Amino acid sequence: MKRKHPLRRILLGTAATVAGVVALLALKQPAGGQNVAGPPAGQAPPVAATAPQGAGGGGGQTLTGDVVNTQYGPVQVSVTMSGGKVTAAQAVKTPNSGPRSEQIAKDSIPKLNQQAVSAAKVDTVSGATYTSEGYAKSLQSALDKAGTK
């Protein structure tokens, strides 16, 4: 008789509904292929930074890495090298699949730029795994173009 009690059915139904809603909210939404290869919203593609430049007045050379498509949008890095060392780094393209990915990029890209200049290895920024991995791959392709590892 307890097995068919109406209150038990209500509690089980409520628990199943809550579990289903939590499972749906926990799913991450991918970029979905919308504008993945294009520039981020509000940012024009830099024309001068996409092609390697010869030695300038300071003896620096600017190289741009390949575009790396991540789950949340493209990442592309441009580095300035002088004397075989990275003297400056900046992200030309950053993930743009939504407000959250844009905020993560805004928080993580400065850290990654600083690591690229100061360290031999770019570490993953906590909370920005896909952006960090894409940044590292694009940075490596730029360094490969310069003949540096």
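Thresholds applied
Residues numbered from 1 in each chain as written. Predicted model: local features only at pLDDT ≥ 70, side-chain atom pairs only at ≥ 80, totals over all residues. Heavy atoms only, no water. Patch = residues over 30% accessible without salt bridge, like charges linked within 9 Å, V, L, I, M, F, W, Y side chains within 5 Å. Areas by Shrake-Rupley, 256 points an atom, 1.4 Å probe, with all protein chains shown as cover. Salt bridge = Lys/Arg side-chain N within 4 Å of Asp/Glu carboxyl O. Helix = DSSP H or I, 4+ residues; strand = E, 2+ residues; numbered from the N terminus. Expected span 1.5 Å × (residues − 1). Buried < 20%, exposed > 50% of the residue type's maximum accessible area, 1.4 Å probe, protein only. Contact = heavy atoms within 4.5 Å. pLDDT = per-residue confidence, 0-100. Axes fitted to C-alpha atoms, helices over the stretch in contact; angles between N-to-C directions. Left-handed = near helix turned anticlockwise from the far one by under 90°. Nonpolar A, V, L, I, M, F, W, Y, C, P; charged D, E, K, R; others polar. Pairing = 2+ DSSP bridges.

### Details of a nonpolar patch on the surface
Taken together, the side chains of L7, I10 and L11 define a hydrophobic patch exposed on the protein surface, amounting to about 310 Å² of accessible area. One can find L7 in helix α1 (residues 6-26).

### Quick look at helix α3 (residues 129-146)
Along an α-helix, a turn takes 3.6 residues, which lines up residues three or four apart on a common side. Taking 1.5 Å of rise per residue, 18 residues should cover 26 Å, and α3 covers 26 Å from first to last C-alpha, within 8% of that figure. Buried within α3 are the following residues: T131, S132, G134, Y135, S138, L139, S141, A142 and L143. On its buried face, α3 sits against β1 (61-64), β2 (68-70), β3 (73-82), β4 (85-93) and α2 (99-118). Just downstream of α3 lies G147, where phi reads positive at about 80°.

### Focus: the confidence of the model for the protein
This prediction gives the protein a mean pLDDT of 74; 74% of its residues lie at or above 70. Scored below 50 in pLDDT, residues 31-57 makes 34 contacts in the model with residues more than four places away or belonging to other chains.

### Quick look at the packing of α2 against α3
At their nearest, the axes of α2 and α3 sit 11 Å apart, and the two run at 35° to each other. The handedness of the crossing between α2 and α3 comes out as right-handed. Of the residues in α3, those in contact with S108, I109, L112, N113 and A116 of α2 are T131, S132, Y135 and L139. Residues of the contact of α2 with α3, tallied by class, amount to 5 nonpolar, 4 polar and no charged.

### Some thoughts on the pairing of β3
With 8 of 10 residues buried, β3 lies mostly within the body of the structure. Summarising the sheet, β1 and β3 pair through 4 bridges and their orientation is antiparallel. Looking across to β3, one finds that L63 is bridged to V79. Two elements, β2 and β3, share 3 bridges in a ladder whose sense is antiparallel. Along β3, the bridge assignment pairs T70 with G73. Here β2 folds back onto β3, and the loop between the two strands holds 2 residues. Strand direction decides the pairing type here: β3 and β4, joined by 7 bridges, are antiparallel. Looking at β4, one finds that Q76 is bridged to K93. Connecting the antiparallel pair β3 and β4 is a turn made up of 2 residues, with G83 showing a positive phi of about 65°.

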